[in-house]
Amino acid sequence: METVEERSEALKQVMRQMPFPVTIVTAAREDSKRGITIGSFTSLSMDPPLVSFNVDKSSRMHDLLMESDYFNVHIPHEGQAGLCSRFAIPDQTGEEQFDQIPYTIDERGLPLLEDMVAVIRCKNYKQVEAGDHTLFMGEVSDISIQKEDTAILYLNGVYHHLRF
């Protein structure tokens, strides 16, 4: 019988073969702002409109999201793979993450990245513990489409885009 570690590694290998949409989630609380690249984003419900994603409990973003009332989900375009990689670096400070990145602060005090395909603004709806991760659900309060372009997918350790 396989150990938990062996099953976990086998699951990672299988999941690397599946494409996932890539988003960047930003949140803030008081003077602290952060972003994180997410590969588990999905729509969850249409009534009410809900989206979801999961975050590792050991992530620097985890506690900030647990304490935040709102967050923004950014959908990057095919030319922003480098930005996705930047927000995936785990040991950067929030200031380092946003250094020389075009963004504004919205009326809720959240970082709003510029030049995205779209931004989905959410109220933190619910969190569910799921092993070493937490599933975050957000109620969609606003969607702004910033440009028509192809979003990014992540597959086998590489960012990709599709053209039809």
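The structure this text deals with has already been given above.
This structure is a prediction, so every number in the text was calculated from the model and none was measured. (Residues numbered from 1 in each chain as written. Predicted model: local features only at pLDDT ≥ 70, side-chain atom pairs only at ≥ 80, totals over all residues. Heavy atoms only, no water.)

Draft legend 1. Molecular detail of the sheet that holds strand S11 (residues 152–155). Read across the open sheet, the three strands follow the order S1-S11-S12; overall the sheet is antiparallel. Only two strands of the sheet have a single partner each, and these edge strands are strand S1 (20–21) and strand S12 (158–161). Across four bridges, S11 lies against S12 in antiparallel orientation. Paired with Tyr 154 across the strands is Tyr 159, a residue of S12. (Pairing = 2+ DSSP bridges. Helix = DSSP H or I, 4+ residues; strand = E, 2+ residues; numbered from the N terminus.)

Draft legend 2. Expanded view of the nonpolar core. In this structure, Val 25, Phe 53, Leu 65 and Phe 71 are the most contacted members of the largest nonpolar core, which totals 20 residues. For this core, the secondary structure elements donating two or more residues are strand S2 (23–29), strand S3 (32–38), strand S5 (49–56), helix H2 (60–67), strand S6 (70–75), strand S9 (118–130) and strand S10 (133–145). In this structure Leu 65 touches Val 25, Ala 27, Phe 53, Val 55, Phe 71, Asn 124 and Phe 136, once residues within four positions along its chain are discounted. Formed by 12 residues, the second largest nonpolar core is a distinct cluster that contains Phe 98, Ile 101, Leu 113 and Val 119. (Core = buried A, V, L, I, M, F, W, Y, C linked by side-chain atoms within 4.5 Å. Buried < 20%, exposed > 50% of the residue type's maximum accessible area, 1.4 Å probe, protein only. Contact = heavy atoms within 4.5 Å.)

Draft legend 3. Focus on the sheet that holds S6. Strand order in the open sheet formed by seven strands is S3-S2-S6-S9-S10-S5-S4, and the pairing between neighbours is antiparallel. Unpaired on one side and paired on the other, S3 and strand S4 (42–46) mark the two borders of the sheet. With direction set aside, neighbouring strand axes in the sheet form an average angle of 35 degrees. Sheet topology places S4 next to S5; four bridges connect them, and they run antiparallel. Bridge pairing links Thr 42 to Ser 52 in S5. (Axes fitted to C-alpha atoms, helices over the stretch in contact; angles between N-to-C directions.)

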